[in-house]
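Structural characterization, general
Here is what each chain is made of, one letter per residue.
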Amino acid sequence: MQTAISIRRAVKRYGPVTALQDVSMDIADNEFFTLLGPSGCGKTTLLRMLAGFEDVTEGEILLFGERIASLPPEKRPVNTVFQQYALFPHLTVLENVAFGLKMKGMGLAERNARAAKMLELVHLSGFADRKPAQLSGGQQQRVALARALAPQPKVLLLDEPLSALDLKLRQAMRVELKALQEETGITFIFVTHDQEEALAMSDRIAVMSAGRVQQIGTPREIYEAPVNRFVADFIGETNLIEVEVDSVSDGRATVTLPGGHRVVCAAATNSGGRHALSIRPERVALAADAPDLHATVERVIYLGTDLHLITRLDGGEPFALRLQNASRTALPDPGARIGLKLEEGAARLLAD
Amino acid sequence: MAGAAPIPETGGSDATYARLRRPLLAPTWAVIGTFLLLPVLLMVVYSFLTKEFRGGVIWDFTLAAYDQFFFDRGLFGDEPARIEWTYIMIFWRSIWQAGLATLFCLLIGFPTAWFIATRPETSRPVWLFLITIPYWVNLLIRTVSLRFILRDQGPMNDALIGMGLIDQPLALLNTNLAVQLGLFYSYLPFMVLPIYAAVERYNFALSEAAADLGANRWRTLVEVVLPVVRPGIVAGCILVFVPALGAFLAPDLLGGAKTFMIGSLIDEQFRGSQGNWPFGAAVSVILMTLVLIVLMIQARAATRAER
Amino acid sequence: MKGVRHYPGFLAITLLCLLVLYLPLTVVAVYSFNGSTSITSWGGFSLRWYADVFTGPEAARFGQAAWNSLTIAIIAATVSTVIATAAALAMIRGGRFRGKTASYALINLPLLVPEIVVAVASLIFFTTIGLTTGYLTILIAHITFCIPFAYLPIAARLSGIEGFYEQAARDLYASPWQAFRLILLPLLGPGILSGYLLAFIISLDDFIITNFVKGAGMETLPTAIFGSVKQGIKPNIMAISTLMLGVSVLFVSLSYLINRRGRPAR
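Rules and cut-offs
Residues numbered from 1 in each chain as written. Chains lettered and ligands numbered in written order. Predicted model: local features only at pLDDT ≥ 70, side-chain atom pairs only at ≥ 80, totals over all residues. Heavy atoms only, no water. Helix = DSSP H or I, 4+ residues; strand = E, 2+ residues; numbered from the N terminus. Buried < 20%, exposed > 50% of the residue type's maximum accessible area, 1.4 Å probe, protein only. Contact = heavy atoms within 4.5 Å. Areas by Shrake-Rupley, 256 points an atom, 1.4 Å probe, with all protein chains shown as cover. Lys, Arg positive; Asp, Glu negative; His and termini not counted. Charge placed at Lys NZ, Arg CZ, Asp CG, Glu CD. Domains from an automatic or database assignment. Core = buried A, V, L, I, M, F, W, Y, C linked by side-chain atoms within 4.5 Å. Buried area = accessible area lost by both parts, 1.4 Å probe. Salt bridge = Lys/Arg side-chain N within 4 Å of Asp/Glu carboxyl O. Polar contact = N/O pair within 3.5 Å; in protein donor to acceptor, adjacent residues only side chain to side chain. Expected span 1.5 Å × (residues − 1).

1. Quick notes on the overall build of chain C
The number of helices and strands found in chain C is 11 helices and 0 strands. Each helix and strand of chain C, ordered N terminal to C terminal, gives the series α-α-α-α-α-α-α-α-α-α-α. A principal-axis box enclosing the C-alpha atoms of chain C has dimensions of 70 × 70 × 30 Å. Taken over 266 residues, chain C has a buried fraction of 61%. Across chain C, every contact between residues at least 6 apart in sequence was considered, and the portion connecting residues at least 24 apart equals 72%. Summed over its atoms, the accessible surface of chain C is roughly 10600 Å², and 68% of this surface lies on carbon and sulfur atoms. Distance between charge centroids for chain C: 9 Å, based on 18 positive and 9 negative side chains.

As structure tokens, this is what we get:
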């Protein structure tokens, strides 16, 4: 598969502050690629560097093999959907969508026809003559999408485009965005701090923190095989327990759990000593016989589809588990001592 | 902005304009620099020159103008120096009149600004519009109107006689009262507008919190509202006090010899052969210094409030 | 129990405030329609003083003064608005730079220095460089002190326009100049118009500075009115005043309507 964007050792500094440190990644053509991280992690800076709003302090950005780092935004065949949409308030919806085509020198009739088609694509055909202020947030967001897609960019950049919408609309837009990406075949680079959003839409995700890329992988890899503490903790919920490594080799480790039980698990590190062990709360079952861990129940939270148990291990560490609310079998009461059994592959030894 | 590393000046800085800022600012520097900054500096130089009779200067440096302002050395300048009170009194009167006008403007202006800012959003622009109209009307015309009303045979005296309050017309013109009224009337809108802007941004939940904690509305006003909207009040006071201090029209058209203020004193020094340009320049320098001190105190207070 | 917004007596004070502001203007406007030659007695409704303004003995003098005022105001407002717009772009969009504080102080200098001091300084300057006081010196002085008045609404508007509009335009293949002309300028338009109107009115209004730098024989409307008033208020002055009042009201209404229509969408 062809590489759409290749970022090579990019560094961004604002005076003494380093916003991005040595970031490298390749994004394939036709991919839905997400930059995920908490605020301040550098993901928006990276996106703005791709768009041309921030210059690159060091490193190189290639777009289908061409160096673009020194090009101004208007010379780059990429378009952006802005977080606040940035629809031109003095232009109509149609004029907004046609703006990029006009700048490219397309004639009035042709660009209006094309813009109308784009509006059709985002289901806003009847709104061509309105001003942006007359649209709802969700409609404005679609116009912003249509506007950015109209010039047929090689790559579409989306800067937290769903963050201003309410939950229901956000969930609906996820499906639509993904469908739109498949329909148009354009590479999408999507910035978000919402991990659920990232997991739901992306082909691959780059998890970022403190100006560095922590891990790049498919949603499944990121969730099930996090490489370090940050990724395991940031994506989904997890229990992190400090354990002693007995032996480690070839990505498998034998560790001693609190309470003395030994288990074999996947390892993202090759060094011994003490490391964090990540155990997802939904991969643990209650077990009367031969449990791996012993805990005392502190609180039972009823969540409808799930039951959330907050417990404390015998060693004193807090430990959460999620059980499906399928059977009416006996629920432990607060104060009860329970045995826990790790599912196959539930535990993963992390690098720091 | 979520996810933003320290992007300087969000929504602001733009490389294009950053590159062009020199040519963009050049006209401003050229015009204000040449036709105001330079003249003000030249005026300071003039205040140290020797006066020429028939108006004008001789380029001999002297402190004569400042000496004339502060000291009295007799008619021929050979007596021992005594403090000259004439000009200091004119300054004192100006400060007093401007201060009083500021106080009256505040007493009327604050409630007005508050009242307007608490109207529903639909009627607020109308009230604001009513306040801004006089602000846009020529100051000279407003002062002339006041002079017309306050004349001996003017509508004000007619009304007072008509109501039976007096039977002889009062001499209202050429009094300190008339000048005070003129200053108050001239600069009242300057007080209302900045306070309005501050009250409009005021979070009324603060007042509700104060009420909830047992303060009545007047206590709330003093303890919570006034401190919070203080920047607006200070701005309004400066906007009234500074122009009132150097006012020319109100004292000239509504006052007389006994109500002489700085503006008239300066004006007189540049009229015809009676003039004394270095002295006029010196009085201007002293006035400007006074204003700069007021502005510096305000700027100091403003930065301290920000911390 | 009324809400925390209510303070008893504030309505009365507001009405008093409006009375104080409007009473003198109203009285003059009413008396301008006085048919009597005396300003003291009421001689019935008449437009004779308005006729006098345009055809009476002083018509030529006031006509010339009005023409000077108008042309100076138009030129001064135009030039100062262009200068102020450029300055606002550098100050608001130019990021941080050395000399920004100094530039800011300079722009506001005409507001910080008392008017009478500006007048004195200008007179001294023009005399020293040997420029004969007259139309040109009035114009130069007006352009100078109009800059901050034009700057204020333009800068306020500009800082309210988010930078992402221009970024979006650039992203959609607009050159920096196209982004300015097609996006920023239309959005900034109401601010520029407000600045222009404010500068225009301020120029039209000015008396003190004009009086110092006008030279002999040159009059603007305010200096001509002032000269007349010094000899006593005649009915034709009230008619002129009322006409100028009308112009001011017209302008403030215009600027009000423009500002209301031109609010940005978000």
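2. Looking at the domain arrangement of chain A
The accessible area lost on association of the parts is a frequent measure of interface size. Taken domain by domain, chain A holds domain 1 (3-224) and domain 2 (237-349). Each of domain 1 of chain A and domain 2 of chain A has a C-alpha centre, and these two points are 39 Å apart.

3. A word on unusual backbone geometry
Residues and elements named next belong to chain A. If you check the backbone angles, R9 has positive phi at about 50° while not being a glycine. Considering the arrangement of structural elements, one finds R9 in strand β1 (residues 3-14). The exposed category is assigned to R9, whose relative accessible area is 55%. In this model, E160 sits at a positive phi of 40°, which is unusual for a non-glycine residue. Structurally, the position occupied by E160 is in the loop between β7 (155-159) and α5 (167-184).

4. Brief notes about the nonpolar core
Generally speaking, nonpolar side chains in soluble globular proteins are found buried as a group. In terms of nonpolar packing, the biggest core is built from 229 residues, with A:F99 and B:M43 touching the most fellow members. Per element, the largest residue contribution to this core is 15 residues, and it comes from helix α8 (residues 176-205) of chain C. Residues A:V81, A:V97, A:L135 and A:L145 belong to the second largest nonpolar core, which totals 36 residues.

5. As for the interface of chain C and chain A
Of the residues lining the interface, 19 residues belong to chain C; the matching set on chain A comes to 30 residues. Around 2200 Å² of area is buried between chain C and chain A when both sides are counted, 66% of it from carbon and sulfur atoms. Taken together, chain C and chain A are joined by 1 salt bridge. Note that C:R170 and A:E74 form a salt bridge whose closest N and O atoms lie 2.6 Å from each other. Here chain C and chain A share 6 residue pairs in polar contact (both at pLDDT 80 or more) between them. Broken down by secondary-structure element, the contributors of at least two residues to the side of chain C that touches chain A are α7 (164-171) and α8 of chain C.

6. What to know about α5(A)
All names here are of chain A. Compared with the 26 Å implied by 1.5 Å per residue over 18 residues, the 25 Å span of α5 between its first and last C-alpha is a close match. Within the sequence span of α5, burial applies to R170, M173, R174, L177, K178, L180 and Q181. Contacts from the buried residues of α5 go to β3 (32-36), α3 (108-121), α4 (137-149), β7, β8 (187-192) and α6 (195-201). In the stretch just after α5, G185 is the one whose phi turns positive, near 70°.

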